[in-house]
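# Report on the structure
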Amino acid sequence: MSTSAPTAELTGSYTIDPAHTRIGFVARHAMVTKVRGAFNEFEGTAELDGENPERSSVRVTIKAASIDTRNSQRDEHLRGNDFLAMQDHPEITFVSTSVKRTGETAFDVTGDLTVRGVTRPVTIPFTYEGAAQDPFGNLRVGLEGSVEINRKDFGVVWNAPLETGGLLVSEKVTLEFEVSAIKQS
């Protein structure tokens, strides 16, 4: 498996493989612990240009209802109007606007993230983890990245004060991406 910088043979159209990709998040709870979760239903495509990465692009659509923190009561609250308001905003989207190489295997992917109907620019630093042919003859590429956002910037403002001071849910949320994409053409 090669982890060197992308090359011309990686240029092409890719589909994100949901079975081998994780789109997750981490938020502080009660100021003392972290709650981790993921979205189980999403789709995405990418156009990769191995020689000129700045010509690459990506689009991802996440089903808000697929949020999973391993606690059904909390998940229902997150789906409701206090957080994701999935009845009115069933999808979370990311559409890239630029890609910039920042190192041998590092790239900043900037794009428009839309949560709860609010769109804001976000830059996600990604690391190219390599490419390999899977047992079915598909070329796969791996990328990992994460970025911290302020959920209030996207209209997700609900919170509850704690008796000991502070708030129940942190404003800062870390988005995590572990991506496996399959070359289509």
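All values reported here derive from a predicted model rather than from experimental measurement.

## Looking at the overall build of the protein chain
The secondary structure content of the protein chain amounts to one helix and 11 strands. Listing each helix as α and each strand as β along the protein chain from the N terminus yields β-β-β-β-β-β-α-β-β-β-β-β. Once local pairs closer than 6 in sequence are excluded, the contacts in the protein chain between residues at least 24 apart make up 58%. Total accessible area on the protein chain stands at roughly 10200 Å², and carbon and sulfur atoms take up 50% of it.

## Notes on the pattern of salt bridges
The final tally for this structure, using the stated rule, is seven salt bridges. The salt bridge partner of Glu176 is Arg36, with a shortest N-O separation of 3.5 Å. Note that Glu176 is positioned in strand S11 (residues 169-183) and Arg36 in strand S3 (residues 33-39), a separation of 140 residues in sequence. On the accessibility criterion, Arg36 (46% relative accessible area) is partly exposed.

## A few points about the nonpolar core
Core analysis: the biggest nonpolar cluster contains 39 residues, and Phe39, Ile92, Leu113, Ile149 and Leu175 have the highest contact counts within it. Leave out the neighbours within four places in its chain, and Leu113 touches Ile92, Thr93, Phe94, Val118, Thr119, Arg120, Val122, Ile149, Phe154 and Leu175.

## Thoughts on helix H1 (residues 72-79)
Taken residue by residue, H1 has Asp75, Leu78 and Arg79 as its buried positions. In a view along the axis of H1, the buried residues occupy a sector of 100 degrees, so they form one face of it. Exposed and facing more than 90 degrees away from the buried side of H1 are Gln73 and Glu76. Turning to H1, the residues buried within the fold contact strand S6 (67-68).

## Side note on the packing of aromatic side chains
This model, assessed by the stated rule, comprises two aromatic pairs. Seen from their ring centres, Phe25 and Phe39 are 5.7 Å apart, and the 50 degrees between their planes marks the pair as tilted. In this pair, Phe25 is assigned in strand S2 (residues 22-29) and Phe39 in strand S3, connecting sequence segments 14 residues apart. Here the two residues Phe25 and Phe39 agree in accessibility, since each one is buried. Centroid distance Phe126 to Phe177: 5.9 Å. Interplanar angle 45 degrees. Geometry classified as tilted.

## Brief notes about the side chain of Arg140
Mapped onto the elements, Arg140 comes out in strand S10 (residues 139-150). Classification of Arg140 as buried rests on a relative accessible area of 17%. Within the structure, Arg140 has its side chain in polar contact with the side chain of Asp134 (distance 2.9 Å). In this structure, Arg140 is in contact with Asp17, His20, Gly130, Ala131, Ala132, Asp134, Ser180, Ala181 and Ile182, ignoring residues within four places of it in sequence.

Cut-offs applied
Residues numbered from 1 in each chain as written. Predicted model: local features only at pLDDT ≥ 70, side-chain atom pairs only at ≥ 80, totals over all residues. Heavy atoms only, no water. Helix = DSSP H or I, 4+ residues; strand = E, 2+ residues; numbered from the N terminus. Contact = heavy atoms within 4.5 Å. Areas by Shrake-Rupley, 256 points an atom, 1.4 Å probe, with all protein chains shown as cover. Salt bridge = Lys/Arg side-chain N within 4 Å of Asp/Glu carboxyl O. Buried < 20%, exposed > 50% of the residue type's maximum accessible area, 1.4 Å probe, protein only. Core = buried A, V, L, I, M, F, W, Y, C linked by side-chain atoms within 4.5 Å. Arc of directions from axis to C-beta. Phe/Tyr/Trp six-rings, centres within 6.5 Å; stacked < 30°, edge-to-face > 60°. Polar contact = N/O pair within 3.5 Å; in protein donor to acceptor, adjacent residues only side chain to side chain.

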